[in-house]
Amino acid sequence: MSASVRLKELLHENTMVSAPELAVPGPGGRVTCLACGHRCTILPGRSGVCRVRFNVNGELRAPGGYVAGVQIDPIEKKPFFHAFPARDALSFGMLGCDLHCGYCQNWVTSQALRDDEAVTRPNFVSPERVVELALEHRVPVMVSTYNEPLITADWAVEIFKLAKAAGIVCGFISNGNATPQVLEFIRPWVDLYKVDLKSFDDKSYRKLGGVLQNVLDTIRLLKQMDFWVEIVTLVVPGFNDGDDELAQIAGFLADISCDIPWHVTAFHPDYKMTDPPRTPVETLLRAYELGRTAGLRYVYPGNIAGGVGSRESTHCPTCDRTLIKRRGFCVEDNRMKGGACPHCGTAIPGVWEKDPPSKTLGWGIPLPITVIEQPCG
Ligand code: SF4
């Protein structure tokens, strides 16, 4: 018996009934799953494209009761640059994905049910224990990441309900292949949402197992629903690094809001995509310029710590002073005052603590937050 089959059997013993909002019954025991943009119609005894949601006698089962990884690390690593700067986030993940990107950096968890080389054992745990961990480490943020959180949204919501009641702000680190129904389902509990916009070419998206339009629709809807949204494009040489494509991505985002932070990050060979070289700094700087030319106010070249000058810092769009000085995932200085530039008073969009953490005040207690957006122009 292969490792992925054994793992599948183990996971099938640890599931929960899908949230009814994400399972539409059909004739002959079929169920249509709305947890991601694939919208699989699943016959009894079969599973969906993600292989972690499956139909048992007309009932859609979803993953529950375990995590495949838990870690506490800087929120800048997610990356969120406009939410709780310099704070830690508790990150947890499960197993499986609805896409199969050849360059996935989390393939050991995301491809666990497709690839026998991806060996990860689940750790069985209660939602209460995950939230206790966050409280013990006094983190203000918790995110579902490492695998695609949409396909395990039911379990994330079980955890986030308790986390939110404890004053913790919750987020998804996602490929954006969502449906309106799953976004409605998570919205009461999720405030931060990072989307990987991997390309602006539908043919490229289909090679990864996705559909470009689903992701574009998700980004528009997330903004309409007032999630705090940051976008990442991993710039892969020969895949999505052309001027036209990067400019199209930037133009699409700027058309929604000039205040959406756009992270253009460096690729390194991983998993099945080992031919393209690492992304050169010059390519990231080109993407940065294209983003700024499109009107985006906050463009951050990333994954090359210290290699892009002050561009990985946040600057005031009015007076250009440095507000949050970063080097890689490290915040070296945070001069923001109540979500605004301390020099000229320009409001900076994001989710900020009224009093940023300091060594004298301590790092633990989540404080009230403000979310501010500016008109484009
Ligand atoms: S989460 Fe997506 S891939 Fe998985 S069963 Fe549901 S619609 Fe299909």
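Attention in this report is confined to the structure presented alongside it. (Residues numbered from 1 in each chain as written. Predicted model: local features only at pLDDT ≥ 70, side-chain atom pairs only at ≥ 80, totals over all residues. Heavy atoms only, no water.)

Helix and strand content of the chain: 9 helices and 21 strands. Restricting the contact set of the chain to residue pairs at least 6 apart, pairs at least 24 apart contribute 65%. Looking at the chain as shown, the accessible area adds up to about 15400 Å², and 51% of this sits on carbon and sulfur atoms. (Helix = DSSP H or I, 4+ residues; strand = E, 2+ residues; numbered from the N terminus. Contact = heavy atoms within 4.5 Å. Areas by Shrake-Rupley, 256 points an atom, 1.4 Å probe, with all protein chains shown as cover.)

Let's shift gears to the sheet that holds strand 3 (residues 31-33). With antiparallel pairing, 3 strands are arranged side by side in an open sheet as 2-3-4. Looking along the sheet, the strands with just one partner apiece sit at the ends: strand 2 (23-25) and strand 4 (41-42). (Pairing = 2+ DSSP bridges.)

Let us now look at the site of the ligand. Taken together, Cys33, Ala35, Cys36, His38, Arg39, Cys40, Ile42, Gly48, Val49, Cys50, Arg53 and Ile151 make up the full set of residues adjacent to the ligand. When the residues that make up the shell around the ligand are grouped by side-chain class, the tally is 8 nonpolar, 2 polar and 2 charged. (Near = heavy atom within 4 Å. Nonpolar A, V, L, I, M, F, W, Y, C, P; charged D, E, K, R; others polar.)

Helix packing for two helices is described by the angle between their axes and how far apart those axes are. One can describe the packing of helix 8 (residues 243-256) onto helix 9 (residues 281-294) by two numbers: an axis separation of 8 Å at closest approach and a directional angle of 40°. Compared by their axis directions, helix 8 and helix 9 come out oblique. At the point where helix 8 passes helix 9, the crossing takes the right-handed sense. Where helix 8 abuts helix 9, its residues Asp243, Leu246, Ala247, Ala250, Gly251 and Ala254 lie against Arg286, Ala287, Leu290, Gly291 and Ala294. Residues of the contact of helix 8 with helix 9, tallied by class, amount to 7 nonpolar, 2 polar and 2 charged. (Axes fitted to C-alpha atoms, helices over the stretch in contact; angles between N-to-C directions. Parallel < 35°, antiparallel > 145°, perpendicular 65-115°, else oblique. Left-handed = near helix turned anticlockwise from the far one by under 90°.)

Between two aromatic rings, the relevant description is the distance of the centres plus the angle of the planes. A complete count under the given rule lists 7 aromatic pairs for this structure. Ring plane angle 65° and centroid distance 4.8 Å describe the contact between Phe81 and Tyr300, whose orientation is recorded as edge-to-face. With a gap of 219 residues between them, Phe81 in the loop between strand 8 (69-74) and strand 9 (88-93) and Tyr300 in strand 16 (residues 299-302) connect regions that are remote in the sequence. A ring pair is formed by Phe92 and Phe160, whose centres lie 5.9 Å apart and whose planes are at 65°; its orientation type is edge-to-face. With a gap of 68 residues between them, Phe92 in strand 9 and Phe160 in helix 4 (residues 153-165) connect regions that are remote in the sequence. (Phe/Tyr/Trp six-rings, centres within 6.5 Å; stacked < 30°, edge-to-face > 60°.)

What follows concerns the layout of surface pockets. Its volume calculated, the largest pocket comes out at about 1100 Å³. As for the largest pocket, its lining consists of 42 residues, and the residues nearest its centre are Lys78, Gln105, Asn106, Lys194 and Asp196. Of all the secondary structure elements, the ones that give two or more residues to the lining of the largest pocket are strand 8, strand 12 (169-174), strand 13 (192-196), strand 14 (228-235), strand 15 (262-266) and strand 16. Taken together, the residues of the lining of the largest pocket break down into 17 nonpolar, 16 polar and 9 charged. The calculated volume of the second largest pocket comes to roughly 230 Å³. Around the second largest pocket, the lining comprises 14 residues; the ones closest to its centre are Tyr288, Arg292, Arg297, His315 and Asp320. Sorting the residues of the lining of the second largest pocket by element identifies helix 9, strand 16 and strand 17 (314-315) as the ones contributing at least two each. (1 Å grid on protein atoms, 1.4 Å probe; cavity = no way out; pocket = protein on both sides within 12 Å on 5 of 7 lines; lining within 4 Å. Points joined across faces, edges and corners; volume = space filled by probe spheres on them.)

The end-to-end C-alpha distance of helix 4, which contains 13 residues, comes to 18 Å, matching closely the 18 Å that a straight helix rising 1.5 Å per residue would cover. Looking only at helix 4, the buried set comprises Ala153, Asp154, Trp155, Ala156, Val157, Ile159, Phe160 and Ala163. Phi turns positive one or two residues past the end of helix 4, at Gly167, with a value near 90°. (Expected span 1.5 Å × (residues − 1). Buried < 20%, exposed > 50% of the residue type's maximum accessible area, 1.4 Å probe, protein only.)

Right, let's get into the sheet that holds strand 1 (residues 15-17). The strand order across the open sheet built from 3 strands is 1-6-5, with neighbouring strands paired in antiparallel fashion. The two strands at the open ends of the sheet, each matched to only one other strand, are strand 1 and strand 5 (54-56). Strand after strand, the sheet turns through a mean of 45° between neighbouring axes, direction not considered. Bridge analysis of strand 5 against strand 6 (residues 59-63) gives 3 bridges, and the strand direction is antiparallel.

In this section: the side chain of Glu76. As for its position among the elements, Glu76 is in the loop between strand 8 and strand 9. Once residues lying within four places of it in the same chain are set aside, the contact partners of Glu76 are Phe81, Pro85, Ala86, Arg87, Arg326, Phe329 and Val331.

Under the criterion given, the structure shown has 0 disulfides. Distance from the sulfur of Cys316, which forms no disulfide, to the nearest cysteine sulfur (Cys344) is 3.5 Å. (Disulfide = S-S within 2.5 Å.)

We now examine the environment of Gln224. Secondary-structure assignment places Gln224 in helix 7 (residues 212-224). Sequence separation between Gln224 and Ile256 is 32 residues, and the spatial gap between their C-alpha atoms is 9.4 Å.

If you walk through the whole model with that rule in mind, you get 16 salt bridges. Close ionic contact of Arg129 with Glu132 constitutes a salt bridge, the shortest N to O distance being 2.9 Å. Placement of both Arg129 and Glu132 in helix 3 (residues 127-136) is noted, with a separation of 3 residues, approximately one turn of the helix. Here Glu132 falls in the partly exposed class, since its relative accessible area comes to 39%. The partner of Asp196 in a salt bridge is Lys194, and the shortest N-O contact between them spans 3.4 Å. One connected set of salt bridges, linked through shared partners, spans Asp73, Lys77 and Lys78. (Salt bridge = Lys/Arg side-chain N within 4 Å of Asp/Glu carboxyl O.)

Before going further, it helps to examine the environment of Gly58. Among the secondary structure elements, Gly58 is positioned in the loop between strand 5 and strand 6. Assessed through its relative accessible area of 30%, Gly58 is described here as partly exposed. C-alpha separation for the pair Gly58 and Gly29, spaced 29 residues apart in sequence, amounts to 4.2 Å. Residue contacts for Gly58: discarding those within four places in its chain leaves Gly29, Val31 and Pro44.

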